[in-house]
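Topology and contacts: notes
Spelled out from the first residue to the last, the chains are:
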Amino acid sequence: MAFPEDVLTEDEHVVLHLHPHWRALVRPVAVLVLAVAAVVAGVVLLPSGGGGAVALAVIGGLALIAVLWLTLRPYLVWRSTHYLFTNERVLLQEGLFSRDRRDIPLTRINDHAMRQGFVERLLGCGTLTIESAGERGQSVLHDVPRVGQVQTKLYELVEAHHDKHSLGDAEMRDILADMNEGKPLRDPST
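An account of the accompanying structure is given in this report. Not measured: the values here are computed from a predicted model.

1. Observations concerning the sheet that holds strand β2 (residues 82–86)
Reading across the sheet, the four strands line up as β1-β2-β3-β4 and stay open at both edges, with antiparallel pairing between neighbours. In this open sheet, the two edge strands, each paired with only one partner strand, are β1 (14–18) and β4 (100–105). Within this sheet the neighbouring strands show an average axis-to-axis angle of 10°, counted without direction. Across four bridges, the pairing between β1 and β2 is antiparallel. Bridge pairing in β2 links histidine 17 to leucine 84. Against the sheet, helix α4 (residues 147–164) makes contact with β1, β2 and β3 (89–94), and its axis sits at roughly 150° relative to β1, the strand it touches most.

2. Notes on the environment of leucine 141
Topologically, leucine 141 is positioned in strand β7 (residues 138–145). What makes leucine 141 buried here is its relative accessible area of 0%. With 27 residues separating them in the primary sequence, leucine 141 and methionine 114 have C-alpha atoms 9.4 Å apart. Excluding residues that lie within four positions of it along the chain, leucine 141 makes contacts with Tyr83, Phe85, Leu92, Gly126, Thr127, Leu128 and Ile130.

3. Some thoughts on the packing of aromatic side chains
The relative placement of two aromatic rings is captured by the distance of their centres and the angle of their planes. The tally for this structure, following the rule as stated, stands at one aromatic pair. Here the aromatic rings of tyrosine 75 and tryptophan 78 are separated by 5.9 Å at their centres, their planes lie at 35°, and the arrangement is tilted. In this pair, tyrosine 75 and tryptophan 78 are both assigned in helix α2 (residues 50–79), three residues apart and thus about one turn of the helix distant. A residue is classified by how much of its surface remains accessible, and tryptophan 78, at 17% relative accessible area, is buried. One cation-aromatic arrangement involves arginine 73 over tryptophan 69; the distance from NZ or CZ to the ring centre is 4.6 Å.

4. With respect to the layout of surface pockets
Reported here for the largest pocket is a volume of approximately 520 Å³. Along its surface, the largest pocket is lined by 23 residues, and Pro20, Thr81, Tyr83, Glu94 and His142 are the ones closest to its centre. When residues of the lining of the largest pocket are traced back to their parent elements, those giving at least two are α1 (26–45), α2, β3, β4 and β7. Considering each element in turn, the lining of the largest pocket owes the most residues, six residues, to β7. The residue makeup of the lining of the largest pocket, split by class, is ten nonpolar, five polar and eight charged.

Basis of the calculations
- Residues numbered from 1 in each chain as written.
- Predicted model: local features only at pLDDT ≥ 70, side-chain atom pairs only at ≥ 80, totals over all residues.
- Heavy atoms only, no water.
- Pairing = 2+ DSSP bridges.
- Helix = DSSP H or I, 4+ residues; strand = E, 2+ residues; numbered from the N terminus.
- Axes fitted to C-alpha atoms, helices over the stretch in contact; angles between N-to-C directions.
- Contact = heavy atoms within 4.5 Å.
- Buried < 20%, exposed > 50% of the residue type's maximum accessible area, 1.4 Å probe, protein only.
- Phe/Tyr/Trp six-rings, centres within 6.5 Å; stacked < 30°, edge-to-face > 60°.
- Lys NZ or Arg CZ within 6 Å of the ring centre and 35° of its normal.
- 1 Å grid on protein atoms, 1.4 Å probe; cavity = no way out; pocket = protein on both sides within 12 Å on 5 of 7 lines; lining within 4 Å.
- Points joined across faces, edges and corners; volume = space filled by probe spheres on them.
- Nonpolar A, V, L, I, M, F, W, Y, C, P; charged D, E, K, R; others polar.

The following block contains the structure:
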């Protein structure tokens, strides 16, 4: 479930590729442990006769359903959720059978904020909210690992993209000088 490189443009490169923090897998792992414990307890405690075998089959079936729905499915959702930061945009992709992807060009990012609760600070994750110009407005990324560093990197990417695609003072003077047919501009303060 790796992110396909063919969605990137020719000059685009990946700076950060993240999945949600591992804390999203705590509940699925707990369900797996409880399901295995229930089956083991059934094998040990139930009689080996007809009623015990039926009860063990029911426990095993319920454990299998719980593992598939509450462990395997959340794991696959976690693996198929991508937070991709490139030198041109932020790509958010999720979905197992259907895919939902949102591209936010760096030029459209107006603001970004992070939030960390106490437990999130202990675990090193948090929520990153990216506000962009457009119809959708805000994108909220939950359980972002190292959210403080990610927010700083996003700031650096936005600034670098802005600097790359805007004119500096010297370039602006050169353009204006060319427009004045090579005559240097007079400094208005003199």
